[in-house]
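# Close look at the chain arrangement
One-letter residues, chain by chain:
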Amino acid sequence: MFKSELKNAQDAIGTYLATAMQGLGDGTVAQGMRYASSGGKRLRGFLVLESARVTGGDPDAAMQAAAAVECIHAYSLVHDDLPCMDDDDLRRGQPTVHKKWDEATAVLVGDGLQSFAFELLSDPKTGSAELRSELVLSLARAAGPQGMVLGQAQDMAAETASIPLSLAEITELQGNKTGALLEWPAVAGAMLGGADTAPLRRYARALGLAFQIADDILDVEGDPEKAGKRLGKDADAGKATFVSLLGLDGAKARAKALIEEAEAELEPFGDAALVLKELARYVIARDQ
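Rules behind the numbers
- Residues numbered from 1 in each chain as written.
- Predicted model: local features only at pLDDT ≥ 70, side-chain atom pairs only at ≥ 80, totals over all residues.
- Heavy atoms only, no water.
- Helix = DSSP H or I, 4+ residues; strand = E, 2+ residues; numbered from the N terminus.
- Buried < 20%, exposed > 50% of the residue type's maximum accessible area, 1.4 Å probe, protein only.
- Arc of directions from axis to C-beta.
- Contact = heavy atoms within 4.5 Å.
- Core = buried A, V, L, I, M, F, W, Y, C linked by side-chain atoms within 4.5 Å.
- Phe/Tyr/Trp six-rings, centres within 6.5 Å; stacked < 30°, edge-to-face > 60°.
- Patch = residues over 30% accessible without salt bridge, like charges linked within 9 Å, V, L, I, M, F, W, Y side chains within 5 Å.
- Areas by Shrake-Rupley, 256 points an atom, 1.4 Å probe, with all protein chains shown as cover.
- Salt bridge = Lys/Arg side-chain N within 4 Å of Asp/Glu carboxyl O.
- Axes fitted to C-alpha atoms, helices over the stretch in contact; angles between N-to-C directions.
- Parallel < 35°, antiparallel > 145°, perpendicular 65-115°, else oblique.
- Nonpolar A, V, L, I, M, F, W, Y, C, P; charged D, E, K, R; others polar.
- Left-handed = near helix turned anticlockwise from the far one by under 90°.
- Expected span 1.5 Å × (residues − 1).

### A closer look at unusual backbone geometry
One non-glycine residue, R42, lies in the positive phi region at around 60°. With respect to the secondary-structure elements, R42 resides in the loop between helix 2 (28–36) and helix 3 (43–55). In this structure, D87 takes a positive phi of about 55° despite not being glycine. A residue is classified by how much of its surface remains accessible, and D87, at 38% relative accessible area, is partly exposed.

In structure tokens form, the structure reads like this:
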């Protein structure tokens, strides 16, 4: 059931974004925005849709929020791939935006995706003015200098640090860089459903950390062809990761324990949360 639900969501979000971006024209930046936001796992958008469904949120409003967070995620990847950041040539098996066009275009594409995300969220189709305001504020915090941007800055600082980061420091870094944008979709879904956000926030927090540990594991033993990007970068750079600090078996055990924590937070929702439970298991079983 999970794989079919995820595939349906991926297709629906992709179609929605393509339609929403039609009005942007055919300029280079618009082309790059469509290119950067196509494909991918769509886990963040899927989390919005499922969390809203579980809590009784409006599906159309949830799609607006799902498309918005996918734009933020795409923007973060475009900028993360730049030579001044992680310097990657491939993303999802395709040339990164700065390779397909140039660095200036990549910067503008990322900027465009970020602003377009907030345009989607602030649209009246997303809900009441109060709800839209709360969603915009919370996403700005999750994506900005208190969340993802902070995590990216911490990650870049770690590359030149004389002493490798500790486990606590790595956990904080990844909670900002990766976790914040996985936590927001679950919370947004609950907000759309008018439900208590705490259980889904805790679910997504555990999920986000497990996701990053799984990424560190894939960086060691994954298949570059399936991953669609270069692997082994962290080890080559001598960076501290969950695998380097916990060992491969220890990292796998920690990820499994986190998924069990995430699943426990879904108990109040009963069978309605079965897909979210399967999503949690998928996070540590994926090969890309």
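### A look at helix 2
Each α-helix turn comprises 3.6 residues. Residues three or four places apart therefore point the same way. Turning to helix 2, its buried residues number three or more, namely A30, G32, M33 and A36. With its buried residues spanning 160° around the axis, helix 2 presents them on a single face. Among the structural elements, helix 4 (59–80), helix 5 (97–100) and helix 6 (103–122) are those in contact with the buried residues of helix 2.

### Considerations on the nonpolar core
One finds L113, W184, L192, Y203 and L279 to be the most contacted residues of the largest nonpolar core, which totals 84 residues. In terms of residue count, helix 4 provides more of this core than any other element does, 13 residues in total. Apart from residues no more than four positions distant in its own chain, Y203 is found in contact with L47, A262, E265, L266, L276, L279 and A280.

### Details of the packing of aromatic side chains
Applying the stated criterion across every chain yields a total of three aromatic pairs. Between F2 and F46 the ring centres are 5.9 Å apart and the planes differ by 65°, which places this aromatic pair in the edge-to-face class. With F2 in helix 1 (residues 2–20) and F46 in helix 3, the pair connects residues that are 44 residues apart, well separated along the chain. Look at F2 and you get buried, because its relative accessible area is 4%.

### Let's talk about a nonpolar patch on the surface
On the surface, a cluster of nonpolar side chains totalling about 210 Å² of accessible area is made up of L167, L245 and L246. Mapped onto the fold, L167 is located in helix 9 (residues 167–192).

### Focus on the packing of helix 4 against helix 9
Helix 9 packs onto helix 4 with a crossing angle of 170° between their chain directions and a minimal axis gap of 10 Å. Taken together, the axes of helix 4 and helix 9 lie roughly antiparallel to each other. Mapping the contact onto sequence places A61, A62, A65, V69, I72, H73 and D80 in helix 4 and K177, L181, W184, P185 and L192 in helix 9. Here the contact of helix 4 with helix 9 is built from residues that sort into nine nonpolar, one polar and two charged.

### Observations regarding the packing of helix 9 against helix 10 (residues 198–221)
Close contact between helix 9 and helix 10 brings their axes to 8 Å; oriented N to C, the two are set at 140°. The orientation of helix 9 relative to helix 10 falls into the category oblique. Crossing handedness for the pair helix 9 and helix 10: right-handed. Between helix 9 and helix 10, the residues in contact are T171, Q174, T178, G179, L182, E183, A186, V187 and A190 and L200, R201, A204, R205, G208, L209, F211 and Q212, respectively. Its residues assigned to classes, the contact of helix 9 with helix 10 shows eight nonpolar, six polar and three charged.

### A short note on the environment of Q212
With respect to the helices and strands, Q212 occurs in helix 10. Remark: the alpha-carbon pair of Q212 and R254, spanning 42 residues in sequence, is separated by 11 Å. In contact with Q212, other than residues within four places in its own chain, are Q174, T178 and F242.

### Topic: helix 3
For helix 3, with 13 residues, the first-to-last C-alpha span of 18 Å sits near the 18 Å given by 1.5 Å per residue. With 12 of 13 residues buried, helix 3 lies mostly within the body of the structure. Looking at helix 3, one finds that the buried residues are L43, R44, G45, F46, L47, V48, L49, E50, S51, A52, V54 and T55. The secondary structure elements touched by the buried residues of helix 3 are helix 1, helix 4, helix 9, helix 10 and helix 15 (274–285). Count one or two residues on from helix 3 and you reach G56, which has phi positive near 85°.

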